[in-house]
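# An overview of the molecular structure
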Amino acid sequence: MFSKQEKILLGILATIQFSSIVDFMIMMPLGPQLMRMFSITPHQFGLLVSSYTFSASISGFMASFFVDKFDRKTSLLFFFVGFSLGTIACALSPNYEILLTARGLTGVFGGVLSSLVLSIVSDAISYERRGSAMGIIMTSFSMASILGVPFSLFLANAYSWHAPFTFLGVLSLLLCGVIWYYVPPMRVHLLEKREKEPIHRVLTRIIHNQNQRRALFFMAAVMFGHFAIIPFLSPSLVANVGMTEAQLPLMYMAGGLCTIFSSPLIGRLADRFGKHRVFLWGALITILPYWVITHMGVTPLWLALAICAFFFVSSGGRMIPATALVSGTSLPQNRGSFMSIVSCVQQMAAAISSYLAGIIITTDASGHLVNYNIVGYLAVVFTFVAIYLSRRIQTIESAPTASPETAHVGEPVV
C-alpha cells in the first residue's frame, strides 16, 4: 500500500510522535510521586499538566500565521529541537515552580509538532489511504505505552523523576539528526504561486468556512471529554482502585499491547467503511470505559488492567478517523496553518478540561480522589457533542494546485 520512501517517512514521523507522547504521558503516572514529593494538591497537579497544553495552544495559534510559508522539514526541525531542549529543562528543574515553567516552555514547541506531523502525512498520503497512514502514526501511542512510559517509570523509580526527562531529551536531540538526513524537503504546499496576503487572512479563511469551523468545534469536543479523564487516571488507580505506583507501568503496557494491533486495523476500517461511520462507533464504545473508570473502587489488578486496555483501544481508535476527517477539510497550500489552528484548539480544550477536572476532583481524609465520577459524566456529554458535530463535517479532495472553488466533496456524510 505504501512505497519504501513513504514507509521511511511514516516511521520517522511516528518516532517523533512517540517522543512527544512519552513526554506528555509521563506526567500522568508520575502524578502520585510528584504530588507526594512537592506536597501539591490535585488542583496544582492539574495545573502542571495544563501548563503544557495552554502553552501548546498559544504556540499553535501563532504558528498558523507563518507555518505554510516554509518547507515542512525546516519547520519540523526547528520545533523538535526546541522541544528537545525544553524536555532537558524539565529534567533540570529543582522545584515545582521551575518545573511548571519548563513544562510550559516544552509545550511551546511540542504543541506545533503534532500539527506538522499531520500536515506532512496529509501532504504525502492521499485521502483514500490516509486512514491507514494515521493508523501507523497512532501506533506511536502504543509504543509509548509499551516501552516509553514503563521504561520512564523504571528510571524514575530507580533514580528520580528527573531521569526520564533527561533520557527523553537526549534521545530527541539524536532524532533531530535522523530528521536532517532522512526526511526529504516537503515543499508541495509552496508550488502554487500565491499573492501575498495580510496575516489575518489565515483566520478569516477559517472563520468564513463553515465546514472548517465545525471541524474545530468537533476536535475541541473530542479533546475536552478525553482530557477530563486522562490526567487523573493514574492518581485514581492508586488512590481509589488499589494499584501501587510500581504497578502503573502494567496499565500502560496492557493498553499499548492492545492498541499496537488495533490502531492499524482501525485505520484500514476507516478507509474501507468511511471515517464518519468508524468514528461514530468508536465514540459510542468509548462511553462505556469512561463511565466504568470514573466509578471504579477497589478492583482486582487483572480486571483494572483489562478495563484500562479497553479504554486505550476505544479512545485512541476514535482519534484515527477523527484526525483523518479534520485533515480532509483543508487544501494542501493552507493545510499547515489550518492544522496549527486545529492543534491550538485541541490543546486549549485539553488544558481547560484538565484544569476544570483539577478543580472538580478533591481528596478526602483517607487520600481517595472524590468527584471523579462527575468528570466522567462531563466526558460522556462531550462525546455526544462530538458525535453530533462529526456527522456535519464534509471532506474535500483536490490536487495541490486546486482552489476552494474547484474542490469537490469527497467522503459523504453517512
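This paragraph deals with the overall build of the protein chain. On a plain count of helices and strands, the protein chain comes out with 15 helices and 4 strands. With the principal axes as the frame, the protein chain shows a C-alpha extent of 65 × 45 × 40 Å. Buried positions account for 59% of the 414 residues belonging to the protein chain. Taking the 25 positively charged and 16 negatively charged side chains of the protein chain as two groups, their mean positions are separated by 4 Å.

All chains considered together, the criterion is met by 17 aromatic pairs. For the ring pair Phe 45 and Phe 232, a centre distance of 6.1 Å and an interplane angle of 80° mean the geometry is edge-to-face. In this pair, Phe 45 is assigned in helix α3 (residues 42-63) and Phe 232 in the loop between α9 (210-229) and α10 (233-241), connecting sequence segments 187 residues apart. Assessed through its relative accessible area of 0%, Phe 45 is described here as buried. A relative accessible area of 0% means that Phe 232 is categorised as buried. An aromatic cluster is built from Phe 38, Tyr 96, Trp 161 and Phe 165, whose rings are joined through pairwise contacts.

Turning our attention to the environment of Phe 338. Within the secondary structure layout, Phe 338 lies in helix α14 (residues 332-360). Classification of Phe 338 by relative accessible area gives buried; the value is 2%. For the pair formed by Phe 338 and Ala 56, sequence separation is 282 residues and the distance between their alpha carbons is 15 Å. With residues up to four places along the chain from it excluded, the contact list for Phe 338 reads Ile 206, Gln 212, Ala 215, Leu 216, Val 326, Thr 329 and Ser 330.

Glancing now at the pattern of salt bridges. Following the criterion strictly, the structure yields 4 salt bridges and no others. Residue Glu 6 pairs with Arg 129 through a salt bridge whose shortest N-O separation is 3.2 Å. Taken together, the positions of Glu 6 in helix α1 (residues 4-25) and Arg 129 in helix α6 (residues 127-158) put the pair 123 residues apart, joining distant regions of the chain. With a relative accessible area of 21%, Arg 129 lands in the partly exposed category. Its salt-bridge partner being Asp 123, residue Arg 72 comes within 2.9 Å of it at the nearest N-O pair. Taken together, the positions of Arg 72 in helix α4 (residues 72-91) and Asp 123 in helix α5 (residues 96-124) put the pair 51 residues apart, joining distant regions of the chain. Taken individually, Arg 72 and Asp 123 each receive the classification buried, so the pair is uniform in this respect.

Time to look at empty space enclosed by the protein. Per the counting criterion, the structure on display carries 2 cavities of 30 Å³ or more. Lining the largest cavity we find 40 residues, and of these Ile 21, Phe 24, Phe 141, Met 223 and Phe 227 sit closest to its centre. Among the elements of the structure, α1, α3, α5, α6, α9, α11 (248-273), α13 (301-327) and α14 are those that each provide at least two residues to the lining of the largest cavity. For the lining of the largest cavity, the element with the highest residue contribution is α13, accounting for 9 residues. Its residues assigned to classes, the lining of the largest cavity comprises 23 nonpolar, 17 polar and no charged. Quantified by volume, the second largest cavity comes out at close to 40 Å³. Around the second largest cavity, the lining residues are Pro 29, Gln 33, Leu 153, Asn 157, Glu 245 and Leu 248.

What counts, and at which threshold
- Residues numbered from 1 in each chain as written.
- Predicted model: local features only at pLDDT ≥ 70, side-chain atom pairs only at ≥ 80, totals over all residues.
- Heavy atoms only, no water.
- Helix = DSSP H or I, 4+ residues; strand = E, 2+ residues; numbered from the N terminus.
- Buried < 20%, exposed > 50% of the residue type's maximum accessible area, 1.4 Å probe, protein only.
- Lys, Arg positive; Asp, Glu negative; His and termini not counted.
- Charge placed at Lys NZ, Arg CZ, Asp CG, Glu CD.
- Phe/Tyr/Trp six-rings, centres within 6.5 Å; stacked < 30°, edge-to-face > 60°.
- Contact = heavy atoms within 4.5 Å.
- Salt bridge = Lys/Arg side-chain N within 4 Å of Asp/Glu carboxyl O.
- 1 Å grid on protein atoms, 1.4 Å probe; cavity = no way out; pocket = protein on both sides within 12 Å on 5 of 7 lines; lining within 4 Å.
- Points joined across faces, edges and corners; volume = space filled by probe spheres on them.
- Nonpolar A, V, L, I, M, F, W, Y, C, P; charged D, E, K, R; others polar.

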